[in-house]
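Each chain, letter by letter, is given below.
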Amino acid sequence: MPLPPRDPEPGRRAAPRTVARGARSGAPLRPAAPPRPAASRPAVPRGSRDPGPRDPGSRSGGPHAGASRAGAFAPRRAPGSRRGGRPLTSGPRRLWWGLVLVVVPLLVVTGKLVLLQGVDGGAYANAAEQDRLQTHPIAALRGAVVDRDGNPFAYTVEASRVVADPTVVDDPERTALALSALLDVPVDELTERLTAEGRYVVLARQVPPETTDAVDELGLAGVSFEDDPVRLYPAGAVGGQVVGWVGRDGAGLGGVELRFEDALAGTDGQRRVEVGSGGNPIPSGIDESTPATDGSTVELTVDQDVQFTMEQRLAQACADGATTRASAVVLDVHTGEVVAMGSCPGYDPARAGSTDPDLLGNPVVSDVFEPGSVMKAVTLAAAIEEGRAAPDTVLTVDGHIQAGDVVVTDAHDHAPVDWTVTGILAKSSNVGTIMLAREVGDATLERYLRAFGVGEETGIELPGESAGILESSADWTESRAANVPIGQGLSVTTLQMASVFQAIANDGVRVPPRLVESVTAPDGTTSTPEAPEATRVIGEDTAEDLAYVLEAVVGPGGTAPLGEVDGYRVAGKTGTAQRANPECGCYEGGGYVTTFVGFAPADDPQYVVAVDLERPTSSAEGGQVAAPVFADVMRYVLTNGGVVPSGTARPDFALTGADLAAARPGGDGGGTGTGTPAAGD
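Small disclaimer: the values here were computed from a predicted structure and weren't measured.

Remarks on the sheet that holds strand β9 (residues 287-290)
Taken together, three strands build an open sheet; the order of strands is β1-β8-β9 and the sheet is antiparallel. Taken across any chain shown, the strands that pair with only one partner, and hence form the sheet edges, are β1 (133-138) and β9. Across the sheet, the axes of successive neighbouring strands diverge by a mean angle of 15°, strand direction being ignored.

If you want it as structure tokens, here you go:
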């Protein structure tokens, strides 16, 4: 039941009844709730919020102040809220968060733009430019290697490497078809390369300039060129072991090519060019070049004509069926210059890549062997220099001699013979030489051997030189002390062997051999390597006596009459040494190394020629097989060098005491010793 209306306060007009907002039309009206009695409230300071109930008649109204507008039962709003239940701050907050969502990304983007354009702009621009820049090396032309007259052994010509970027090539099959005939590469092979992954493939190497020009005229996208010079060896295998060879990258790998790499190689340059997306240079873009500096020319002391003749003769020796290796070297007596140097078999530097690696060396400076009786010249030099003997000293020589636990014999055992020292060397008597060595002493003999260069490198301007083998005399056994004087029990190279005789021929002064005459830079500046220091090994008189004795070896009754050269007096020494058998590490079955070393003219020495032949299955002696090779090479060397024939006749030699007695006044006449027994090598 509805409550009866309450009378208004006396003196006040009753408030009109209103319809609550939202009430349906015609709905019964509900009376407004009676106002609550006002409660006493403490005074509130001005400016403070009053948390308590407000006066019903106040403007802001208390709990029922809005009854006249909204109806008696309108929903009560929470303090601080808007109509309809929305918070008073929801609108500003939405605006604030919207502003944040818009401004923050803008600040991030703006900051990134400032960073990219303001701070890192230059770096990114430079990176973009670098991405368009391509750097191409400009290869320096390798310097030439020439002989003493300027004839080339090796030189380099310009060529190119044809390369491609498969990602830029428009039509690989069509490009391959266009290039196949020019590059001499099958179409299918080129197509495979042009469709490979990556951005760099090599289509052809060392292409001559005329072919490069023809390819360039095609204007093929993605195809370009790089320097790829070609090393040529016009002399072929002649001098190949001296000159050496280069690898695919153009760097020296052997011989002079390796030893003088820094001088020959030069310094590469480079070209920096800006290209477009197709890989073609941008006409107005960057195009900078640093020119290359070509290599220097190395002039050798070698005479190409002598080198050719010598190698031809060595090839003949190797073709005899018994010689597996033949080596020779020609030295200038007074300067130590190498006029020719080589071995058989050799190799063509242009085909070094397909050559047996065992042949890619220079046996003249790297291979060691026991020289045999050639070293008897050093033993005799020590004996004469030390005053223990002279060319006409007579010794009674048996056919054998005890040396510790072994017996050493001459090549052919014989009854005692009164040989002169000249005869001992001319007949190559092992026993007589050992007798002279014992007069000298082991330590003194070792000192002379080392003074002549045995057991140490010569210093030749080539890689891979061996020092040979010479043990200290303090370690020699009695048998070793007997072997060393006759050239066994020590090892030398062909070059060392020649250097020994160079010292004898040069009046006792040893000049270490050298190979390079000069190095000329591209600007024409020429430098000459410092000449090696000369060393006196024996006195001039001793050298003269030795030359006399060595000439008897080639004369009548000596072991090397096949070493004679018509018109010239020749001095030299044969050698036949047992060759170590690599299969057993012993001498048995190893064959022999036969040698001959000599100089001419004996009365005015100009050249030394040393020859050694490795003959595993032969027992032939040096005077039979090595001396003829020496004679042929020396004959050409003397003729080519313009050496005039000897002006004096060869002397008669007293090989025995009887010959010596007959040659003296009142004797029976000059003797030649031809009737004395031959000792052999």
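Re the packing of helix α4 (residues 172-183) against helix α5 (residues 187-194)
Where α4 meets α5, the closest approach of the two axes is 8 Å, and the angle between their N-to-C directions is 135°. Viewed along their axes, α4 and α5 adopt a mutual orientation that is oblique. In this structure, the crossing between α4 and α5 has a hand that is right-handed. Of α5, the residues touching α4 (which contributes Pro-172, Glu-173, Thr-175, Ala-176, Leu-177, Leu-179 and Ser-180) are Val-187, Leu-190, Thr-191 and Leu-194. Classifying every residue of the contact of α4 with α5 gives seven nonpolar, three polar and one charged.

Remarks on the packing of aromatic side chains
Scanning the entire structure with this criterion turns up three aromatic pairs. Considering the side-chain rings of Trp-245 and Tyr-347, the 5.9 Å spacing of their centres and the 90° angle between planes classify their relative orientation as edge-to-face. Of this pair, Trp-245 sits in the loop between α7 (240-243) and α8 (255-259) while Tyr-347 sits in the loop between β12 (338-344) and α11 (363-366), placing them 102 residues apart in sequence. You'll find Trp-245 and Tyr-347 in the same group, each marked buried.

Quick word on helix α6 (residues 209-218)
Regarding α6, the residues found buried are Thr-211, Thr-212 and Val-215. One face of α6 carries all of its buried residues, which in axial projection span an arc of 100°. Residues of α6 that are exposed and point more than 90 degrees away from the buried face comprise Glu-210, Asp-216 and Glu-217. Looking at the buried side of α6, the elements it contacts are β4 (160-164), α4, β5 (201-207) and β6 (223-227). With its phi angle positive at about 60°, Gly-219 sits one or two positions after the end of α6.

A few points about the environment of His-414
Position of His-414 among the secondary structure elements: in the loop between β15 (406-409) and β16 (417-420). A relative accessible area of 13% places His-414 in the buried class. Along the primary structure His-414 and Val-397 are separated by 17 residues, whereas in three dimensions their C-alpha atoms are 9.1 Å apart. What His-414 contacts, discounting residues up to four positions off in sequence, is Val-397, Asp-398, Gly-399 and Trp-419. Polar contacts involving the side chain of His-414 include one to the side chain of Asp-410, which spans 2.6 Å.

Observations regarding the state of the cysteines
When the sulfur atoms of two cysteines share a covalent bond, that bond is a disulfide. Scanning the model with the defined rule gives one disulfide in all. Disulfide pairing is shown between Cys-318 and Cys-344; the S-S distance is 2.4 Å. Here Cys-344 lies in strand β12 and Cys-318 lies in helix α10 (residues 304-318), a separation of 26 residues in the sequence. Summarising the burial analysis for this pair, Cys-318 and Cys-344 share the class buried.

A short note on the pairing of strand β8 (residues 269-274)
Pairing geometry for β1 and β8, over six bridges, is antiparallel. The residue of β8 that forms the bridge with Thr-135 is Arg-272.

Some points on a negative patch on the surface
A grouping of Glu-385, Asp-507, Glu-540, Asp-541 and Glu-544 is seen on the molecular surface, where their side chains present a negatively charged patch. Looking at which element gives the most residues to the negative patch, the answer is helix α18 (residues 540-554), with three residues. Relative to the helices and strands, Asp-507 resides in the loop between α17 (494-505) and β17 (509-510). Assessed through its relative accessible area of 39%, Asp-507 is described here as partly exposed.

Here we look at the pattern of salt bridges
Going through the model one piece at a time under the given rule, you end up with 21 salt bridges. Across the salt bridge formed by Glu-337 and Arg-148, the nearest N and O atoms sit 3.2 Å from each other. Highlighted residues: Glu-337 in the loop between β11 (325-332) and β12 and Arg-148 in the loop between β2 (145-146) and β3 (152-157), separated in sequence by 189 residues. Note on Arg-148: relative accessible area 31%, which makes it partly exposed. Residues Arg-579 and Glu-614 are paired through a salt bridge, measuring 3.6 Å at the closest nitrogen-oxygen approach. Taken together, the residues span a long stretch of sequence, with Arg-579 in the loop between β21 (571-578) and β22 (592-600) and Glu-614 in strand β23 (residues 607-615) at a distance of 35 residues. The same class applies to Arg-579 as to Glu-614, namely buried.

Details of a nonpolar patch on the surface
A cluster of nonpolar side chains, namely Trp-96, Trp-97, Leu-99, Val-102, Val-103, Leu-106 and Leu-107, defines an oily patch on the protein surface of about 760 Å² accessible area. Its location among the elements puts Trp-97 in helix α2 (residues 90-119).

Brief notes about helix α19 (residues 622-640)
Helix length check: α19 (19 residues) gives 26 Å between terminal C-alpha atoms against 27 Å at 1.5 Å per residue, within 8%. Every buried residue of α19 is listed here: Gly-622, Gly-623, Val-625, Ala-626, Ala-627, Val-629, Phe-630, Ala-631, Val-633, Met-634, Val-637 and Leu-638. Looking at the packing, one finds that the buried side of α19 touches α10, β11, β21, β22 and β23. Phi for Gly-642, located one or two positions after α19, is positive at around 70°.

As for the packing of α10 against α19
Running from N to C, α10 and α19 point in directions that differ by 165°, and their axes come no closer than 10 Å. Considering the angle they form, α10 stands roughly antiparallel to α19. By crossing handedness, the relation of α10 to α19 is classed as right-handed. Counted together, Asp-305, Val-306, Thr-309, Met-310, Arg-313, Leu-314 and Ala-317 of α10 and Pro-628, Val-629, Asp-632, Val-633, Tyr-636, Val-637 and Asn-640 of α19 form the full contact between these two elements. Looking at the contact of α10 with α19 residue by residue, the class counts come to nine nonpolar, two polar and three charged.

Structural notes on the sheet that holds β21
Spatial strand order, β12-β11-β23-β22-β21: five strands in an open sheet with antiparallel pairing. Of all strands in the sheet, those bounded by a partner on one side alone are β12 and β21. This sheet shows a mean twist of 10° between the axes of neighbouring strands, independent of strand direction. Direction of pairing for β22 relative to β23: antiparallel, over a ladder of nine bridges. Bridge pairing links Val-593 to Glu-614 in β23. Across the sheet, α18 touches β21 and β22, and the angle it forms with β21 is around 65°.

Procedures and definitions
Residues numbered from 1 in each chain as written. Predicted model: local features only at pLDDT ≥ 70, side-chain atom pairs only at ≥ 80, totals over all residues. Heavy atoms only, no water. Pairing = 2+ DSSP bridges. Helix = DSSP H or I, 4+ residues; strand = E, 2+ residues; numbered from the N terminus. Axes fitted to C-alpha atoms, helices over the stretch in contact; angles between N-to-C directions. Parallel < 35°, antiparallel > 145°, perpendicular 65-115°, else oblique. Left-handed = near helix turned anticlockwise from the far one by under 90°. Contact = heavy atoms within 4.5 Å. Nonpolar A, V, L, I, M, F, W, Y, C, P; charged D, E, K, R; others polar. Phe/Tyr/Trp six-rings, centres within 6.5 Å; stacked < 30°, edge-to-face > 60°. Buried < 20%, exposed > 50% of the residue type's maximum accessible area, 1.4 Å probe, protein only. Arc of directions from axis to C-beta. Polar contact = N/O pair within 3.5 Å; in protein donor to acceptor, adjacent residues only side chain to side chain. Disulfide = S-S within 2.5 Å. Patch = residues over 30% accessible without salt bridge, like charges linked within 9 Å, V, L, I, M, F, W, Y side chains within 5 Å. Areas by Shrake-Rupley, 256 points an atom, 1.4 Å probe, with all protein chains shown as cover. Salt bridge = Lys/Arg side-chain N within 4 Å of Asp/Glu carboxyl O. Lys, Arg positive; Asp, Glu negative; His and termini not counted. Charge placed at Lys NZ, Arg CZ, Asp CG, Glu CD. Expected span 1.5 Å × (residues − 1).

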